[in-house]
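The residues making up each chain are set out below.
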Amino acid sequence: MRYIRPLSIEDAVGQLAGSAGTSAILAGGSDLLVRMKGGFVEPDLIVDIKAIASLGEIRETAEGFSIGAAVPCAVLGENKALKKAWPGVVEAAKLIGSKQVQGRCTIVGNLCNASPAADSVPALVAAGAKAVIVGPSGKRTVPVEAVPIAPGKTSLAKGEIIEAILLDSQAPRSGDAYLRFIPRTEMDIAVVSAGVNLTIDEHGVIKAARVALGAAAPTVLLVEEAAEALIGRKLDEAALERLAKVCAGACRPIDDKRGTIDFRRKVAGVLARRAATSAYTRAGGK
C-alpha cells in the first residue's frame, strides 16, 4: 500500500490516473478508515488531499459559495454567511456522526461514499448544488445527484476528483430545510430523510421548489412531482397533503431491520411535510 500527500490537485489527479491497482481518496477518512479497519477495502494507493490548500477553503462569490472537498463539516457551521444562506445544508452536515467526527468528515466524502442514507446529500440535492470534478480530461461540473449511481458506487471516472461543491446564492424569499428519522437521538443512520428548498413571492405563493428524499431508494431521489405539487400555491394543508402523498409514492425503499417499506413510505411523507413547513417559514411565508 502506498500513501501520498500531494500539494496540488493536478498531482493528485496524475497519481490516481496512473495507479495500477485500486485507489482511494482520503479527505476526512471517517468512512475510508472505518472500511479499511473492517477489512472491506484495502487500497493499493491512498491519496490524502488535505494538504491541497484550495480544497480546504469556503469561498463566497457573487454567484454563491464554493466549498472545497477537504472542508470539515464542523467548519461549515462556523461560516455565518453560509449558515444564513443555506441553513438546511449546514444542518444536514452537522448531523453526520459525532462532534469529533464532524471535525474530520466532509460533505464531498459523504457524497462519494454513495450511501442512500447520507445526510448531507438530500440537502445538497434540494439546494441544487453542483460538483466540480477534475480529472485527466479536464474539469466538468455536474449536479450533485448525478454523482452517486448505486449504493457505494459513483459516476467518477478513473483519476477524477471532486474539487468543490457549488451552491448558488439564495434567491430573495427563499429557505431550505433538512430532516431525518433515526431510532436513536443522535449518531445514527437515517431510516428516511427529506430535504426541501422553496422560493416564494411577496404573497407567499411558492414559485420554485426542489424536494429530495434520502434512504428511500438506491440513490437519493429528486422528486420533481413533489415540487410541482407545491409550485403555484401557498403552503396550506391541501398542498402539504399532496406533497406527502407524492413523496410516499415516489419511494422505492427496502424492508430491513431498521424499517419496513410501508413505514419508510409513511415517514417520507411526514418528513417532507415538516421540512417544507420549516423551509417555507425561513423563506418568510406565514
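Keep in mind that what you see is a predicted model, and the values were worked out from it rather than measured.

A. A look at the overall build of the protein chain. Tallying secondary structure elements over the protein chain gives 11 helices and 14 strands in all. For the protein chain, whose C-alpha radius of gyration is 19 Å, the value lies close to the compact-globule estimate of 19 Å for 286 residues. Considering only C-alpha atoms, the protein chain reaches an extent of 60 × 45 × 35 Å along its principal axes. Every one of the 286 residues in the protein chain was classed for burial, and the buried ones make up 50%. In the protein chain, 60% of the contacts between residues at least 6 apart in sequence involve partners at least 24 apart. Where the 36 positive side-chain charges of the protein chain centre and where its 30 negative ones centre are 3 Å apart.

B. Summary view of the UniProt feature "domain: FAD-binding PCMH-type" (unreviewed entry) in the protein chain. The positions that UniProt labels "domain: FAD-binding PCMH-type" (unreviewed entry) are, in the present scheme, residues 1-172. End-to-end, the C-alpha atoms of residues 1-172 are 51 Å apart, and along that stretch the chain is 30% helix and 26% strand.

C. Layout of the sheet that holds strand 3 (residues 45-48). What the 3 strands build is an open sheet, ordered 1-3-2; its pairing is parallel. In this open sheet, the two strands that pair with only one neighbour each are strand 1 (2-4) and strand 2 (23-26). Ignoring strand direction, the axes of neighbouring strands in this sheet form an average angle of 20 degrees. Contacts between helix 1 (residues 9-18) and the sheet are confined to strand 1, strand 2 and strand 3, with strand 3 contributing the most and set at about 170 degrees to the helix.

D. Summary view of the environment of A217. By the secondary structure assignment, A217 is in the loop between strand 13 (206-214) and strand 14 (221-222). The buried category is assigned to A217, whose relative accessible area is 9%. Each C-alpha atom, one on A217 and one on T106, is 23 Å from the other, the two residues being 111 residues apart in sequence. Not counting residues within four places of it along the chain, the set of residues in contact with A217 comprises P116 and R252.

E. Representation of the nonpolar core within the structure. By size, the foremost hydrophobic cluster in this structure holds 52 residues, and its most contacted members are I67, L82, I165 and L167. In terms of residue count, helix 8 (residues 120-126) provides more of this core than any other element does, 5 residues in total. Those residues in contact with L167, other than ones at most four positions away along the chain, are E63, G64, F65, I67, L82, W86, V89, L124, A127 and A129. Counting 34 residues, the second-largest nonpolar core is a separate cluster that includes V191, A209, V211 and A272.

F. Geometry of the layout of surface pockets. Put simply, the second largest pocket is a space of about 250 Å³. Around the second largest pocket sit 16 residues that line it, and P116, A215, A217, I254 and R264 are the ones nearest its centre. Of the residues in the lining of the second largest pocket, the class split is 11 nonpolar, 1 polar and 4 charged.

G. Structural detail: unusual backbone geometry. A positive phi angle, close to 60 degrees, is found at A114, a residue other than glycine. Within the secondary structure, A114 is located in the loop between helix 7 (107-112) and helix 8. A114 sits in the buried class, given a relative accessible area of 3%. Look at R173: it is not a glycine, yet its phi comes out positive at around 55 degrees. Topologically, R173 is positioned in the loop between strand 10 (161-168) and strand 11 (174-181).

H. Representation of empty space enclosed by the protein in the model. Evaluation of the coordinates by the stated rule reveals 1 cavity of 30 Å³ or more. Looking at the largest cavity, its volume works out to about 60 Å³. What lines the largest cavity is a set of 13 residues, and nearest its centre among them are A114, S115, P116, P148 and V220. Residue composition of the lining of the largest cavity, by class: 10 nonpolar, 3 polar and no charged.

Definitions and limits used
- Residues numbered from 1 in each chain as written.
- Predicted model: local features only at pLDDT ≥ 70, side-chain atom pairs only at ≥ 80, totals over all residues.
- Heavy atoms only, no water.
- Helix = DSSP H or I, 4+ residues; strand = E, 2+ residues; numbered from the N terminus.
- Rg over C-alpha atoms; globule rule 2.2 N^0.38 Å.
- Buried < 20%, exposed > 50% of the residue type's maximum accessible area, 1.4 Å probe, protein only.
- Contact = heavy atoms within 4.5 Å.
- Lys, Arg positive; Asp, Glu negative; His and termini not counted.
- Charge placed at Lys NZ, Arg CZ, Asp CG, Glu CD.
- UniProt positions renumbered as here; feature names shortened; annotations may be inferred.
- Pairing = 2+ DSSP bridges.
- Axes fitted to C-alpha atoms, helices over the stretch in contact; angles between N-to-C directions.
- Core = buried A, V, L, I, M, F, W, Y, C linked by side-chain atoms within 4.5 Å.
- 1 Å grid on protein atoms, 1.4 Å probe; cavity = no way out; pocket = protein on both sides within 12 Å on 5 of 7 lines; lining within 4 Å.
- Points joined across faces, edges and corners; volume = space filled by probe spheres on them.
- Nonpolar A, V, L, I, M, F, W, Y, C, P; charged D, E, K, R; others polar.

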